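Fold and geometry: a report
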Amino acid sequence: MLVFKFGGASVKDAEGVKNLGHIVKQYQAQQMLIVVSAMGKTTNALENLTRAYVEQRNDMHDVYEDIKSYHFNIMHNLFEDGHPVFDEVQNTFVEIDWMIEDEPHDNFDFIYDQIVSIGELVSTRIVNAYLNTIGLTSKWLDVRSFIHTDNTYREGVVDWQKTREAIRQDIPMLLQNSIVVTQGFLGGTSENFTTTLGREGSDYTASIFASCLNAESVTTWKDVPGILNADPKLFTDTVKFDELSYNEAIEMTYYGASVIHPKTIKPLQNADIPLLVKSFNQPDARGTVIKEGVVPVFEKPVIIVKQNQVLISISAKDYSFITEDHLSSIFAVFARHHVKANVLQTSALSFSICIDMKPERFDDLLISIKQAFKVKYNDGLSLITLRHYQADSVDQYINGREVLLEQQSRNTIQIVFK
Ligand SMILES: Nc1ncnc2c1ncn2[C@@H]1O[C@H](COP(=O)(O)OP(=O)(O)O)[C@@H](O)[C@H]1O
Ligand SMILES: N[C@@H](CC(=O)OP(=O)(O)O)C(=O)O
């Protein structure tokens, strides 16, 4: 069986949904589970709605109405009036209408997951209904009954055993008679609350299903021809990899190549399932295959740029050396706040750590570290990671900008700059 993943860009409008239908039809002879993300930039819009609700902003209802009308416009371009999907989507939206009528009492991350998950719940209703209108047999599946997580809202940790059992018990039978369409990015807790798996987590959803069902492959359909040596939105003259090893793909996504979610590769590598990254605009083109045993040739360096970075410098209040005990308590604080380190460096008196700026976590993180340490930080920075680089070509990427931290190994150089 095949697992397909269609991201937000592929279903951003009615034409995108029709194109998805066209691609899926070409594979209809095979069993297929399709993971779909929220349409276009809906998750960003729902994040904005969450903030509007928590802050009780005046524009909250307008923000929500825009999200609804975006989806209803797409549906009017796909379905006849009176199609049952209009009611299904309306009923899904109503759940949030009820929620935002009351004042917010729960914690932000919990509220976030209950609201933001609506994006995938409605996109999958639309895609599933559309596949059925073009003569395919497709079933809508509520992923929250299959991907079980703990209650770490916004970063649900998958309970693999429970998830595997649930998926293996029901899905193979469903796949015998129909395509299955389900939501990326979502999970469910044992108390039946919705969780999300971390932004851009739908690739990970696809890999969870593939691993549990022992799929032949996962194909993730993107707006790029495959995995390139750099983000084509930032660099010209990029080159596509026809093949990549799991190792290289894990390294690239770990350092922040946003084309694939970092958690995606491991379950696939463990089960030896290839990941195909293909263009939804040129579905017949070769794309990139990530699999075992590839020895890629790097004619150009792999370049990964992360914006909006903060470099934090932490030192002991009494000028003592940074010891293993200090490091252990610093790491514990970062883990507790779910903050990932992008670069780390230690000197005698200070520990430097570069992280993504996430305003909703940053203030609390600082308060916690400041209880035991002195802290300074610089924000608004960029981090560039070059893999398979040539030492004499590094300067061109920095362009004379001020470098705050640099770390170099044989294969990889990371530079934090202003
Ligand atoms: N190395 C890379 N190769 C290809 N695309 C990349 C790379 N790094 C970043 N990207 C970006 O990833 C985007 C596709 O990923 P994403 O937007 O998450 O897809 P989707 O959400 O549709 O699944 C591309 O539009 C491109 O700008
Ligand atoms: N919709 C979620 C999950 C996701 O993976 O989306 P996409 O496949 O469009 O990156 C997000 O935007 O974070």
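Computed from a prediction, not measured in an experiment: that's the story for all the values here.

The rules behind these values
- Residues numbered from 1 in each chain as written.
- Chains lettered and ligands numbered in written order.
- Predicted model: local features only at pLDDT ≥ 70, side-chain atom pairs only at ≥ 80, totals over all residues.
- Near = placed C-beta within 6 Å.
- Nonpolar A, V, L, I, M, F, W, Y, C, P; charged D, E, K, R; others polar.
- Axes fitted to C-alpha atoms, helices over the stretch in contact; angles between N-to-C directions.
- Helix = DSSP H or I, 4+ residues; strand = E, 2+ residues; numbered from the N terminus.
- Parallel < 35°, antiparallel > 145°, perpendicular 65-115°, else oblique.
- Contact = placed C-beta atoms within 7 Å.
- Domains from an automatic or database assignment.
- Pairing = 2+ DSSP bridges.

A few words now on the site of ligand 1. In the vicinity of ligand 1 lie 18 residues, with Gly7, Ala9, Leu228, Asp231 and Val259 positioned nearest. A breakdown of the residues in the shell around ligand 1 according to their chemical character gives 8 nonpolar, 5 polar and 5 charged.

Let us now look at the packing of helix 4 (residues 84-101) against helix 6 (residues 118-133). Where helix 4 contacts helix 6, the two axes come as close as 10 Å, and the packing angle between them is 175°. Taken as axis vectors, helix 4 and helix 6 run roughly antiparallel relative to one another. Facing Val85, Glu88, Val89, Thr92, Phe93 and Ile96 of helix 4, the residues of helix 6 in contact are Ile118, Leu121, Val122, Arg125, Ile126 and Ala129. Across the contact of helix 4 with helix 6, the residue classes break down as 9 nonpolar, 1 polar and 2 charged.

Turning to the domain arrangement of the protein chain, a few remarks are in order. For the protein chain, the domain assignment lists domain 1 (2-222) and domain 2 (302-417). For domain 1 and domain 2, the distance between their C-alpha centroids amounts to 34 Å.

This part is about the sheet that holds strand 11 (residues 302-316). Taken in spatial order, the 6 strands of this open sheet run 12-13-11-14-16-15, and their pairing is antiparallel. Every interior strand has two partners, whereas the edge strands, strand 12 (343-346) and strand 15 (403-408), have only one. Looking at each pair of strands side by side, their axes are set apart by 25° on average, direction ignored. Inspection of the sheet shows strand 11 paired to strand 14 (residues 373-387) by 12 bridges, in the antiparallel sense.

Right, let's get into the site of ligand 2. Near ligand 2 the following residues occur: Gly7, Gly8, Ser37, Ala38, Thr43, Gly119, Gly184, Phe185, Arg199, Glu200, Gly201 and Ser202. Residue classes in the shell around ligand 2 are distributed as 2 nonpolar, 8 polar and 2 charged.

Attention now goes to the environment of His337. Assignment of secondary structure puts His337 in the loop between helix 11 (324-336) and strand 12. With 183 residues separating them in the primary sequence, His337 and Arg154 have C-alpha atoms 12 Å apart. Contacts of His337, omitting those with residues within four sequence positions, involve Arg361, Asp364, Leu365 and Ser368.

Where a strand is regular, its side chains alternate between the two sheet faces. Taken together, the 6 bridges between strand 14 and strand 16 (residues 412-417) define a ladder with antiparallel strand orientation. Across the sheet, the residue bridging to Ser382 is Phe417, located in strand 16. By the bridge criterion, 5 bridges tie strand 15 to strand 16 in an arrangement that is antiparallel. Looking at strand 16, one finds that Glu406 is bridged to Ile415. Taken together, strand 15 and the strand that follows it, strand 16, pair antiparallel across an intervening segment of 3 residues.

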